[in-house]
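Examining the three-dimensional arrangement
Chain by chain, the residues:
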Amino acid sequence: MNELELILTDTFHCSRANLYLNSPSILLKDKDWKRLDKIFKDRGRQVPVQYILGYTEFMGLRLKVRKGVLIPRPDTEILVEAAIEKLQEPKNRKKKPKILDIGTGSGCIAISLAKFSQDTDILAIDISAQAIKLAAENAKLHNVESRISFLETDIFSVIKDRMSNVDNISDRKFDVIVCNPPYVSTSEIGVFDRDTLSEPRLALDGGSDGFDFYRSINKGIGKLLKKDGFLIMEIGYNQAEGIKNIFSYGWAIEEIRKDYQGIERVCIMKRITNG
Ligand code: GLN
């Protein structure tokens with residue numbers, strides 16, 4: 001839903017379809033006008049509409065959002081769809097595949113994978129306590145809390161932990177790793193969309209060229225993936241070439257998928273070496 005649709009479906013307490021079919025016949029009560037007035041005032045102060053309403057829609061699911069946690073974007077649905085496709089390709093199909101979601105934020109990726117993919121075993125991590133709390137609330141809202149383990153930790157601790165015990169090492173690896181990392185270059189935060197200034201820098205800031213996170217995980221992340229496993233990451237505009245250079249050894253770039261505006265947005269990589 002676009003911004004106005006979010007506001008109007010909230011005000012009219014109706015679905016998006018009903019907004020277009022029935023809105024002329026819906027009468028607003030006094031309290032609805034007051035709420036609408038407050039929404040527009042907050043919006044005028046540059047508060048993103050999703051923070052004002054306290055929720056957004058992602059993959060058709062209503063998810064809670066609040067300040068301190070990145071607002072899920074429609075572009076990230078392309079990442080989820082890519083992961084579902086990869087998990088369902090006959091040659092990749094596994095019984096209860098293991099999935100790792102790095103920097104889960106609101107939990108949007110992990111929760112929609114649990115909802116719309118086959119039976120999976122998902123670990124969702126984030127270094128933000130606020131994010132983990134919100135993601136767990138969202139998982140509960142959609143009855144998938146028993147299918148996702150949420151952990152407040154960083155990816156390097158997971159790598160260290162999984163590698164410290166060499167027994168059953170392949171059991172400790174993942175079939176698919178998904179990630180929407182911070183990838184906006186520091187100087188561009190808020191330039192194209194001022195609303196992002198209200199969002200946590202931690203979730204957006206990818207350092208001076210936007211590639212800091214990718215560079216930092218490049219060494220260790222392969223150790224967490226089974227051979228032929230997939231690393232599916234969101235990337236920023238103009239980052240496809242840079243990503244190919246960073247992930248040049250041990251990976252085959254399967255596809256770079258474009259977003260709804262035709263911008264290269266999701267990189268699908270396959271792990272082609274062991275360890
Ligand atoms: N797509 C977001 C933006 O451009 C960035 C999200 C991110 O850094 N992961 O605002």
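Above this text sits the structure in question.
Residues numbered from 1 in each chain as written. Predicted model: local features only at pLDDT ≥ 70, side-chain atom pairs only at ≥ 80, totals over all residues. Heavy atoms only, no water.

Quick notes on the side chain of threonine 153
Note the following rule: A helix here means a DSSP run of H or I that spans at least four residues, while a strand means a run of E at least two residues long, and both kinds are numbered starting from the N terminus. For the exposure calls, accessible area comes from a 1.4 Å probe over protein chains only, and a residue counts as buried if that area is under 20% of its type's maximum, exposed if over 50%, partly exposed in between. In what follows, a contact means two residues having at least one pair of non-hydrogen atoms within 4.5 Å.
With respect to the helices and strands, the residue threonine 153 is situated in the loop between strand E5 (148–152) and helix H8 (155–164). Residue threonine 153 is classed as buried on the basis of its relative accessible area of 16%. In contact with threonine 153, not counting residues within four places along its chain, are Ile125, Asp126, Ile127 and Val158.

Let's talk about helix H9 (residues 212–221)
What counts is decided by this rule: Working definition: the arc comes from the directions between the helix axis and the C-beta atoms, pointing outward to the latter.
Every buried residue of H9 is accounted for by Phe213, Tyr214, Ile217, Gly220 and Ile221. Buried positions in H9, seen along its axis, are confined to an arc of 135° and lie on one side of it. Where the residues of H9 are buried, they touch strand E3 (98–102), H8, strand E6 (174–179), strand E7 (225–234), helix H10 (240–246) and strand E8 (251–258).

Notes on helix H7 (residues 129–141)
Rules: The span expected for a helix works out to 1.5 Å for each residue beyond the first. Nitrogen and oxygen atoms within 3.5 Å of one another constitute a polar contact, given that in protein one can donate a hydrogen and the other can accept it, and given that sequence-neighbouring residues count only through two side-chain atoms.
Between its terminal C-alpha atoms H7 stretches 19 Å, which fits the 18 Å expected from 13 residues at 1.5 Å a residue. Residues of H7 that are buried include every one of Ala131, Ile132, Leu134, Ala135, Glu137, Asn138 and Ala139, and no others. At the N-terminal end of H7, a side-chain oxygen is found 3.3 Å from the backbone nitrogen of glutamine 130, two or three residues along, and the residue is serine 128. Looking one or two places after H7, you find asparagine 143, whose phi comes out positive at around 60°.

Thoughts on a nonpolar patch on the surface
The criterion, for reference: Exposure above 30% relative accessible area and the absence of a salt bridge qualify a residue for a patch, where like charges join within 9 Å and nonpolar side chains (Val, Leu, Ile, Met, Phe, Trp, Tyr) within 5 Å. Using a 1.4 Å probe, accessible areas were evaluated by the Shrake-Rupley method; residue-level cover was limited to the displayed protein chains. Salt bridges are defined as contacts in which a side-chain nitrogen from Lys or Arg sits within 4 Å of a carboxyl oxygen from Asp or Glu.
A surface patch of nonpolar side chains, amounting to about 330 Å² of accessible area, comprises Val191, Phe192 and Tyr237. Residue placement: tyrosine 237 occurs in the loop between E7 and H10. Classification of tyrosine 237 as partly exposed rests on a relative accessible area of 36%.

A few points about the site of the ligand
The condition that has to hold: In this text, near means that some heavy atom of the residue lies within 4 Å of the molecule or strand in question. Note on definitions: the grid is 1 Å and covers protein atoms alone; a cavity is a set of points where a 1.4 Å probe fits but cannot get out; a pocket is an open set with protein on both sides within 12 Å along at least five of seven lines; lining residues have an atom within 4 Å of a point. For this analysis, a molecule is said to be in a pocket or cavity if more than half of its atoms are within 2 Å of the grid points defining it. Note on residue classes: Ala, Val, Leu, Ile, Met, Phe, Trp, Tyr, Cys and Pro are nonpolar, Asp, Glu, Lys and Arg are charged, and everything else, Gly too, is polar.
In the neighbourhood of the ligand, the contacting residues comprise Arg73, Asn180, Pro181, Pro182, Tyr183, Val184, Thr196, Ala203, Leu204 and Glu234. At 2.6 Å, a backbone N or O of proline 181 approaches a nitrogen atom of the ligand. At 3.4 Å, a backbone N or O of alanine 203 approaches an oxygen atom of the ligand. For the ligand, whose unbound accessible area comes to 300 Å², protein coverage reaches 84%. In a pocket analysis with a 2 Å cut-off to the grid points, the ligand is assigned to the largest pocket. Split by residue class, the shell around the ligand holds six nonpolar, two polar and two charged.

Purely spatial values, then, with no claim about function.
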